[in-house]
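Residue-level structural notes
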Amino acid sequence: MVLLKFTFGRLLQLVPVLLGITLIAFLLLRVLPGDPATLILGSRGTAEDIARLTTQLGLDRPLWQQYLEFLGDMLRGSFGQSIAYHTAVGPLILERLWTTLALVGFSTVLAVVMTIPFALMAALHKGGVVDHAIKVFFVVMMSMPAFWLGVLLVLLLSIAFPIFPVSGLGEGMLDGLYHLFLPAFIIALGTAALTIRSLRSSLIDVLKADYIDTALAKGLRARRVLLAHVLRNSLISTISVLGVHTSWVIGGTVVIEAVFAIPGLGYLLLSSIAARDYPMVQGLTVTFAVLVVMINLITDIAYAAADPRVKLS
Amino acid sequence: MGAHEYTIFGRSSRKMRLGLSAAAMFAVLATAGTVWPAQATDLKVAIASDALTLDPIASSDNASIWTELLIFDQLVRPSKSGTKLEPGLAEKWTVSPDGLEYTFTLRDAKFANGEAVTADDVVYSLQRAAGEKSDWARFFKPITKYTVIDAKTIKFNLDKPFTPLLNNLAMFSASILPKKEVEAKGADFFQAPFGSGPFTVKTWNHGEKIVLSKNPNYWQAGKPAVDEAEIQVIAEDNSRVLKLKAGEVDAIVGIPFNQVSQLKSDPDLNVGVADVFRIELVQLNTTKKPFDDERVRQALNYAVDKDAIVKGVLRGNGKAAATALPIMAYHNEELKPYPHDVAKAKALLKEAGYENGFKASMLVQSGDVTYRQVASALQSNLKDIGVDLQLQGIESSSQFSTTKSGNYEMSLSYASSDTIDPDQIIGFTSINPERANAFHTQWKDDRVNALYEQERQTLDGPERGAMFKEMEQRVHDGAPFIFLYHQGMPYASRKNVEGFEVLPTSNYRLEDVVMK
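Residues numbered from 1 in each chain as written. Chains lettered and ligands numbered in written order. Predicted model: local features only at pLDDT ≥ 70, side-chain atom pairs only at ≥ 80, totals over all residues. Heavy atoms only, no water.

Things to note about a nonpolar patch on the surface
Residue and element names in this part refer to chain A. Convention followed: Residues forming no salt bridge and having over 30% relative accessible area are the ones grouped into patches, like charges within 9 Å of each other and nonpolar side chains (Val, Leu, Ile, Met, Phe, Trp, Tyr) within 5 Å. Using the Shrake-Rupley algorithm and a 1.4 Å probe, accessible areas are obtained, with residue cover drawn only from the displayed protein chains. Salt bridges are defined by distance alone: a side-chain nitrogen of Lys or Arg within 4 Å of a carboxyl oxygen of Asp or Glu. A run of H or I in DSSP counts as a helix once it spans at least four residues, and a run of E counts as a strand once it spans at least two, with each numbered from the N terminus. Exposed residues in this analysis have more than 50% of their type's maximum accessible area, buried residues have under 20%, and partly exposed residues fall in between, with area computed by a 1.4 Å probe over protein chains only.
Together, Phe147, Trp148, Leu152, Leu155 and Val255 make up a nonpolar patch on the protein surface, roughly 430 Å² of accessible area in all. Sorting elements by how many residues they give to the nonpolar patch places helix H7 (residues 146-160) first, with four residues. Tracing the sequence through the fold places Trp148 in helix H7. In this structure Trp148 comes out as partly exposed when scored by relative accessible area, which is 46%.

Listed below in structure tokens is the structure:
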């Protein structure tokens, strides 16, 4: 019940945020040079063709009318007609939303799976060879451009040792995860580089705490202390880091999408901006905003679950 | 300080350490999952971009056009060599000697749903293409009257002769659609359209792939040889090449020039370079000084070493250009590219009063590797004659509107032809005003304009050819552009794929592909 109320409150907060975001996106796009009708018709258009298309697209009407119309389309869920694709924006976004969510979700899981053991190893061997090796490895991974790393891994794991497919989405759930592994892994490396550092330092702090000594002194087994006390208490700050980073990943995977031919939202946004596909960019902006808010929400809930002192209210 | 503080964990639990290492290994490897065998293959082709729409009258991007040409038939179509027209849905046709009456006889063809293609479908489709919603109306508007003589015969009348018409009828925008279906379904029809062409749309995952299946009713007996053709979208050039090497696709279109020769030496692949109807050039804004002076424009042409660019940047996959037309029908073979002659260029500049050179800026698409390399080659070439060229990066989507507004000095760009007749592209690059004020150079030559009018009303033949040749010569001399090169389009397929080729019109006929 508390959770429901909390969620509802958060969603309500979303309304003014969305309005603000759509207004900014709407105005920014129209300030950019380049007009959609000219872009669509390219070298083939005559002045009359361009004028006709401009009217057809409704771009000759006053800005406020266009904005209101967009709000109306948004409420109806269609988000208007895409200029480039000649079809409703909503379904086109939805088609790719799942791909993006799968990629982001998969990479987050991989990041978590990597973070916990590596951070524990680093913290327990603080200053030692293992600690440094982990640090160096992930710093190197993080500083390699995703594009470069992607091509390298494909050359290694798809061409030299054909374990993974070069790119694409595959058919069905399992095949899909198999296809998404390399791209998700590369994103996860970047995320893990951050979360491992964060978790390692809080682990080190918690390990110094008195209650850990107490726990050990009263004879609890080291494994239990480590997992139940040390890890749980250390995870809290890392959850926020993970949440913030995941919000960024949602729109920031354009390069990975390009290298692995994944039809995700990031690439669609990029090409839609280039094509001045106003309704599509507006629809995507709203989608991204909603996703970021949802991730923050999930972060807060996870936070509360990890730390009993935090109340959802 | 250091690790010893926590040795209680480090020392006491060797098992735990093992467990941790195992978990770390798991993190890297375990999700690798099972490797499963490749599925039985139908033809898979990877191209750079997704079709935006499959409605022929609303398409102008290559991916849409190429796919539409696999789904729909037109009355006539370009031959594979791109030099003449051959029968499509029309088995035969006649043009009256005055060029005002066209009569077409349809072959016995069926749409993919089994219904016969009739004269009504033709009239409906062409009127739609010439209609209000069409981006291509002006190509078909010269037809003023359609007469259905019987189900298989149809007559078009024109008010005045318009020779390019037959070529325009071979364009994707003149695709013959099943009238009943389009009328019943409206815009939805084009989400999974079918026509009388070799393939129909099975599924379309936007941004990922279009799966085409064989049209069982296709009129060319025995074709297509494949049951399914999958057009995959792989935007990144390197990824597309890797995908082909790994055997995940059977053919790709578009290869970075610096990888062509390496792929040619791969024993598993066939590599080809299509001579597509395309010309790369630098637009010169002839309304601005010093580009208003013909001598200056010629000097720029003499200063550029085109052969070196073709060799260095295109790795030999192209040809130096002499004029603003692709090498296609009626091309003036006698015309030679401006030779690389620095002394001559300097002399011309001196004559024009620019002995000490000048400063100029050039728009270059940012993010395009080939263009960037060509631009720096131009920069160093022009430096030799004292011209200080500043490069101005521009996003590809605003380049056209920028040059259109006239707010530029030089702009590195290209033009390509949708038809096999030079009328369309000469109208675009060389006629002012017509469609684009001679591709935004504002260059104007009354003789060229007059020849253009005349050519459009002269029946195909040597007489019309002579007009094009004269226009080409005058454009060459007037030099509203720096004529650069004709760039080839590299493509490749795996050895077990037979008959995959990119045609001069840039599209591919997958109905001719056989998988061994």
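Considering the packing of helix H9 (residues 210-217) of chain A against helix H10 (residues 222-251) of chain A
Residues and elements named next belong to chain A. Here is the rule we go by: Inter-axis angles, ranging from 0 to 180 degrees, are taken between N-to-C directions of lines fitted to C-alpha atoms, where helices are fitted over the stretch in contact. If an angle is under 35 degrees, it is roughly parallel; if it is over 145, roughly antiparallel; if it lies from 65 to 115, roughly perpendicular; otherwise it is oblique. Whether a crossing is left-handed or right-handed is set by the direction in which the near helix is turned from the far one by less than a right angle, anticlockwise for left-handed and clockwise for right-handed. In this description, contact between two residues means that some pair of their heavy atoms is separated by no more than 4.5 Å. Polar here means any residue outside two lists: the nonpolar Ala, Val, Leu, Ile, Met, Phe, Trp, Tyr, Cys and Pro, and the charged Asp, Glu, Lys and Arg; Gly therefore counts as polar.
Where H9 contacts H10, the axes come no closer than 10 Å and their chain directions differ by 160°. In terms of their interaxial angle, H9 and H10 are classed as roughly antiparallel. H10 is crossed by H9, and the crossing has right-handed handedness. Of the residues in H10, those touching H9 at Tyr211, Ile212, Ala215 and Leu216 are Ala222, Val225, His229, Val230 and Asn233. Within the contact of H9 with H10, the residues separate by chemical class into seven nonpolar, two polar and no charged.

Looking at unusual backbone geometry
All names here are of chain B. The residue after Lys223, namely Pro224, is reached through a cis peptide bond having omega -10°. Inspection of the secondary structure assignment puts Pro224 in the loop between strand S9 (209-214) and strand S10 (228-233). Along the chain, Lys289 connects to Pro290 via a cis peptide bond; the corresponding omega equals 0°. Although it is not a glycine, Ser506 adopts a positive phi angle of roughly 80°.

Some remarks on the sheet that holds S9 of chain B
All names here are of chain B. Quick reminder of the rule: By definition, two strands form a pair when at least two bridges between them are found by DSSP.
In spatial order, the strands read S8-S9-S10-S1-S11-S19-S12; together these seven strands make up an open sheet with mixed pairing. Either end of the sheet is taken by a strand with one partner, and the two such strands are strand S8 (199-205) and strand S12 (269-274). When the angles between neighbouring strand axes are averaged without regard to direction, this sheet yields 20°. In the packing of helix H7 (residues 237-245) onto the sheet, contacts are made with strand S1 (43-47), S10, strand S11 (251-253), S12 and strand S19 (489-494), and the angle to S11 comes to roughly 165°.

Some details on the pattern of salt bridges
Residues and elements named next belong to chain B. Going through the model one piece at a time under the given rule, you end up with 31 salt bridges over all chains. In this structure, Asp293 engages Arg295 in a salt bridge whose closest nitrogen and oxygen atoms are separated by 2.9 Å. Among the residues examined, Asp293 registers a relative accessible area of 15% and is labelled buried. Assessed through its relative accessible area of 30%, Arg295 is described here as partly exposed. Asp423 is the salt-bridge partner of Arg456, the closest N and O atoms lying 3.0 Å from each other. Of this pair, Arg456 sits in the loop between helix H16 (446-455) and helix H17 (462-478) while Asp423 is found in helix H14 (residues 423-429), placing the two residues 33 residues apart along the sequence. Since its relative accessible area comes to 17%, Arg456 is described here as buried. We classify Asp423 as buried; its relative accessible area is 4%.

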